Amino acid sequence: MALSGLFLIMFLALHFFINLTSVFSSDTFNEMSHFMGYNPLIQFVMQPILVAGVVFHFVMGIVLERKNQNARPVAYAKYNGAANASWASRNMIVSGLVVLAFIGLHFYDFWVQEIVYKYVDGNAIETTRYYPELVAKFESPIRTGLYCLAFILLSVHLWHGFNSSFQSVGFNNKFSKSLHKLGYAFAIVVPFGFIFIALFHHFFNN
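Here is a short report on the structure shown in this document. (Residues numbered from 1 in each chain as written. Predicted model: local features only at pLDDT ≥ 70, side-chain atom pairs only at ≥ 80, totals over all residues. Heavy atoms only, no water.)

## Focus: the overall build of the chain
Looking only at helices and strands, the chain features eight helices and zero strands. Overall size of the chain, expressed as C-alpha extent along the three principal axes, is 65 × 35 × 35 Å. The proportion of buried residues among the 206 residues of the chain is 37%. Long-range pairs, those at least 24 residues apart, make up 80% of the contacts in the chain with a sequence separation of at least 6. The average position of the 12 basic charges and that of the 9 acidic charges among the side chains of the chain differ by 26 Å. (Helix = DSSP H or I, 4+ residues; strand = E, 2+ residues; numbered from the N terminus. Buried < 20%, exposed > 50% of the residue type's maximum accessible area, 1.4 Å probe, protein only. Contact = heavy atoms within 4.5 Å. Lys, Arg positive; Asp, Glu negative; His and termini not counted. Charge placed at Lys NZ, Arg CZ, Asp CG, Glu CD.)

## Remarks on a nonpolar patch on the surface
Where nonpolar side chains cluster on the molecular surface, the patch consists of L41, F44, V45, M46, I49, Y119 and V120 and spans about 720 Å² of accessible area. Elements with a contribution of two residues or more to the nonpolar patch: α3 (40–71) and α5 (92–120). (Patch = residues over 30% accessible without salt bridge, like charges linked within 9 Å, V, L, I, M, F, W, Y side chains within 5 Å. Areas by Shrake-Rupley, 256 points an atom, 1.4 Å probe, with all protein chains shown as cover. Salt bridge = Lys/Arg side-chain N within 4 Å of Asp/Glu carboxyl O.)

## Quick word on the pattern of salt bridges
Close approach of charged atoms lets side chains of opposite charge pair. Taken as a whole and assessed by the stated rule, the structure comprises four salt bridges. The residue E114 makes a salt bridge to K118 at a minimum N-O spacing of 3.7 Å. With a gap of four residues between them, E114 and K118 both fall in helix α5, about one helical turn apart. No difference in accessibility class separates E114 from K118, as the two residues are buried.

## Topic: helix α7 (residues 141–168)
With 28 residues, α7 should cover 40 Å at 1.5 Å per step; its first-to-last C-alpha distance of 39 Å lies within 8% of that length. At the N-terminal end of α7, a side-chain oxygen is found 3.3 Å from the backbone nitrogen of I142, two or three residues along, and the residue is S140. Positive phi shows up at G170, right after α7, with a value of about 85°. (Expected span 1.5 Å × (residues − 1). Polar contact = N/O pair within 3.5 Å; in protein donor to acceptor, adjacent residues only side chain to side chain.)

## Description of the environment of V112
With respect to the element layout, V112 can be found in helix α5. Under the relative-accessibility criterion, V112 is labelled partly exposed at 30%. For the pair V112 and V51, spaced 61 residues apart in sequence, the C-alpha to C-alpha distance is 13 Å.

## As for the environment of S164
On the secondary structure map, S164 appears in helix α7. In the structure, S164 is positioned 107 residues away from H57 in sequence and 14 Å away in space, judged by C-alpha atoms. Within polar-contact distance, the side chain of S164 engages the backbone oxygen of H160 at 3.0 Å. From its side chain, S164 meets the backbone oxygen of G161 in a polar contact 3.2 Å long.

## Let's talk about the packing of aromatic side chains
Taken as a whole and judged by the stated rule, the model has 12 aromatic pairs. The interplanar angle of 70° and the centroid separation of 5.3 Å between the aromatic rings of F16 and F194 together place this pair among those described as edge-to-face. With F16 in helix α1 (residues 2–24) and F194 in helix α8 (residues 176–204), this pair connects stretches of sequence that are 178 residues apart. In this pair, the class of F16 matches that of F194, namely buried. When the ring of F138 is compared with that of Y147, the centres are 5.3 Å apart and the planes differ by 80°; the resulting orientation is edge-to-face. Here F138 matches Y147 in class, with each residue buried. Taken together, the ring pairs in this structure connect F16, F102, F138, Y147, F151 and F194 into an aromatic cluster. (Phe/Tyr/Trp six-rings, centres within 6.5 Å; stacked < 30°, edge-to-face > 60°.)

Written out as structure tokens, the structure reads:
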């Protein structure tokens, strides 16, 4: 669970970097998106690994949640979860399921459309289409709002998940304190950076 989470965090950081370029340069965004969309290594090796990582992470999350529930079939007479754990840590399954629903929407918006464009409709290669397609997705205020809500829940999920992943794999040394700060910073900067990107294209490019 921890290793698959760390793998997805690396992908998330790369995804954020590429999308952030759309705010500053449409040409750079088009070039990077075209490379990601047509490079055989990324398309036929890394992409299946990524999909497998997403599926594995969320299936394991549900399995662990069930194991935790079955570990104590009789509920506490009085339970104050907030006394020992944060809301984020006690509701990882909730934030995780919302993020999973968002990934489904995101796949439909971009990945499915990309597959249809390239392999179903058989369109010619067009290197400048990515930026207009991105901007068009954030034209609707409802869809933009859903994206923003999902990124807030992603921030909550990362707030606990990033640091607990390193703890789960036994990383505990003099660098742990700095790593925890990095984890909290990542949980804020990346999701809210995605929110900024969505709002930027909604308000300034539509």
